[in-house]
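# Notes for the structure review
Residue strings, one per chain:
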Amino acid sequence: MTSPLTLGTAGHIDHGKTALVHALTGTDTDRLPQEQTRGISIELGYASLELPSGRRLSVIDVPGHERFVRTMVAGATGIDLYLMTIASDDGVMLQTREHAAVLRALGVDTGVVAVTKADLADPSRAIAEAGEVHPGAEVVAVSARTGFGLESLCAALDRAAARVSGRADAPGPARLHIDRAFTIRGAGTVVTGTLWSGRLAAGDRVERLPSGVRARVRAVQVHDQPVELAVAGQRVAVNLTGVAVSEVARGDVLVTPDSELAPTYLIDAQLEFEGGEPEHGQRVQVHHGTRESAARLTWLGGSFWQVRLERPLIALAGDRVVIRQIAPPDTLGGGTVLDAHPRKHGPSRELLVRLERLARDEPADEVVPEPPVPCDDVPASPEPLTARQRALEQQLRDAGLEPPPDAELDPDDLAALRAAGRAIRVSRTLHYHPDALREARNRVIATAERSGGAITLSQLRDELGTSRKFAQALLEHFDSERLTIRREDVHVLRRNQG
Ligand SMILES: Nc1nc2c(ncn2[C@@H]2O[C@H](COP(=O)(O)OP(=O)(O)O)[C@@H](O)[C@H]2O)c(=O)[nH]1
Ligand SMILES: [Mg+2]
């Protein structure tokens, strides 16, 4: 079996993407029903294209609205080759260039350029410009209206498809980045997406990330047809049992349970930028799979950056990310994840050596030493942490002095972190990362010393710039730790401290 491939359209709005897909496949992707009740056959913007060789491609037609690029990134993450359209009468436009940049960032380097609307204007100028945006791609003049050039286009697509390997053999856990979730009467919850790796079959148990909640696969469809087994690279609809539609959304990821996939707030990546490097610490938008998050970029040396995310992504080393400017929105570049669960760090020589090895796909043993365990009373880690636990640790570390309530966290992971000394119970409902707690402790001592050896709740609240809730939890914790002792409304520093 040849590997199933997905073709994604790209190109400036009104440059004839949808008309071309319609002419090639007979499917009008602008008119696909949003909801259907007769099966789990909802494929928004998807069509099936049979090439002269007999090979079939899944076609994703990117919709033409203002969320264009975002949608494109989400769809294009799972695409194997592109069909770029450039209108004969317009030539290369802004979005032509941006989409080309997104494709490069995603590593989608094989495709064909269709110079469209050849019935309207002489295509020669657009053909010349196409070569400049996509050097190396075949360029074919076509008209969706008259049918001119469509045969040549299909032949060119066949040649391009023959050059890509696809994902059918992509090993690893089943991984599906969900782009839609809906209900079908009688069937229940259905999610759709492109299977990035692994396989999915009826009866499989799956885990939904980031929540980690389990479900079971009742049925799988590929292109409206029920199948026993979906393989990587295929566009699939999955009917799930044990999960309400309100519990899953676009951006969630379905994975084989207990895989190494876990939410992460930090990524070390090798990035390339189209128009100059961003500033160290610049806030950008990061796209991965069907998720996105704002993030700060910390330069680590060379082309290596630490991406510090505000919302978790569910990524693995080797995945692609696209980096966009937040305002005005524009694609800056993108690249490859090298470490999906690094520590928070800045540049260092050891780190650079390690990242260079990872970028060359060489084994990179941990050469960065563990930071010292910050509190003396913390026991050594009894068990290595799972990826999910490390993500939780990162979440706590990033939350600093205002950690999320325990109720929002997985109790087992939290217990494991506590056992490893990477989370410290501060009140009945709060755990702090040891780094954050050490920081709070130092500031309690410093503030108390400035004001005669004692500190009040409101003083600490102001000092930490946090709410009463957190200040109170911390002070009670330090009382119980015998750092301070409570006398009426003040907490007095014990003598032997500081
Ligand atoms: N004359 C002519 N018009 C076209 C052709 N292809 C598309 N159009 C028209 O151009 C407009 C935009 O096309 P559409 O496919 O929706 O563009 P998209 O935004 O890139 O999907 C529509 O009015 C189409 O009818 C073509 O080959 N010839
Ligand atoms: Mg369109």
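What you see is a predicted model; the values in this text were computed from it and never measured. (Residues numbered from 1 in each chain as written. Chains lettered and ligands numbered in written order. Predicted model: local features only at pLDDT ≥ 70, side-chain atom pairs only at ≥ 80, totals over all residues. Heavy atoms only, no water.)

## Digging into the nonpolar core
- If you look at the biggest cluster of nonpolar residues, it comprises 24 residues, and the most contacted ones within it are Leu7, Leu20, Leu24, Leu49 and Leu153.
- Taken together, the elements giving at least two residues each to this core come down to β1 (5-11), α1 (17-25), β2 (46-50), β3 (56-60), β4 (81-87), β5 (111-116) and α5 (150-163).
- With seven residues, the top contributor of residues to this core is α5.
- Non-local contacts of Leu20, meaning those with residues more than four positions away in its chain, are made with Leu83, Thr85, Ala114, Thr116, Val142, Ala144, Leu150 and Leu153.
- Ile424, Val426, Leu437 and Leu460 belong to the second largest nonpolar core, which has 23 residues in total. (Core = buried A, V, L, I, M, F, W, Y, C linked by side-chain atoms within 4.5 Å. Buried < 20%, exposed > 50% of the residue type's maximum accessible area, 1.4 Å probe, protein only. Helix = DSSP H or I, 4+ residues; strand = E, 2+ residues; numbered from the N terminus. Contact = heavy atoms within 4.5 Å.)

## Overview of helix α4 (residues 124-133)
- Of the residues making up α4, those classed as buried are Ala126, Glu129, Ala130 and Val133. One side of α4 carries all its buried residues, which in axial view fall inside an arc of 110 degrees. Among the exposed residues of α4, those pointing more than 90 degrees away from its buried face are Ala128 and Glu132.
- Turning to α4, the residues buried within the fold contact β4, α3 (94-105), β5 and β6 (138-141). (Arc of directions from axis to C-beta.)

## Quick word on the environment of Leu5
- Position of Leu5 among the secondary structure elements: in strand β1.
- For Leu5, a relative accessible area of 1% gives the class buried.

## Considerations on the packing of aromatic side chains
- Considering all chains together, one arrives at one aromatic pair under this definition.
- Ring geometry for Phe273 and Trp305: centres 5.6 Å apart, planes at 80 degrees, overall edge-to-face. Remark: Trp305 occurs in strand β19 (residues 304-314) and Phe273 occurs in strand β16 (residues 263-273); sequence separation between them is 32 residues.
- Given the relative accessible area of 14%, Phe273 is considered buried.
- Accessibility expressed as a relative area gives 2% for Trp305, which makes it buried. (Phe/Tyr/Trp six-rings, centres within 6.5 Å; stacked < 30°, edge-to-face > 60°.)

## Side note on the packing of helix α9 (residues 434-450) against helix α10 (residues 457-464)
- Put simply, α9 and α10 touch, their axes get as near as 11 Å, and they point 120 degrees apart. In terms of orientation, α9 and α10 fall into the oblique class. Where α9 crosses over α10, the handedness of that crossing is right-handed. Facing α9, whose interface residues are Arg443, Val444, Thr447 and Arg450, α10 presents Gln459, Leu460, Glu463 and Leu464.
- Split into classes, the residues belonging to the contact of α9 with α10 amount to three nonpolar, two polar and three charged. (Axes fitted to C-alpha atoms, helices over the stretch in contact; angles between N-to-C directions. Parallel < 35°, antiparallel > 145°, perpendicular 65-115°, else oblique. Left-handed = near helix turned anticlockwise from the far one by under 90°. Nonpolar A, V, L, I, M, F, W, Y, C, P; charged D, E, K, R; others polar.)

## Concerning the sheet that holds β2
- As summarised here, the arrangement of the six strands in space is β2-β3-β1-β4-β5-β6, forming an open sheet in which the pairing is mixed. Two strands lie at the open edges of the sheet, namely β2 and β6, each paired on one side alone. Each strand axis lies, on average, 25 degrees off the axis of its neighbour in the sheet, ignoring direction.
- Relative to β6, β5 is paired through four bridges, and the arrangement is parallel. Residue pairing for β6: Val112 is matched across the bridge by Glu138.
- Against the sheet, α1 contacts β1, β2, β3, β4 and β5, and its axis sits at roughly 50 degrees relative to β2. (Pairing = 2+ DSSP bridges.)

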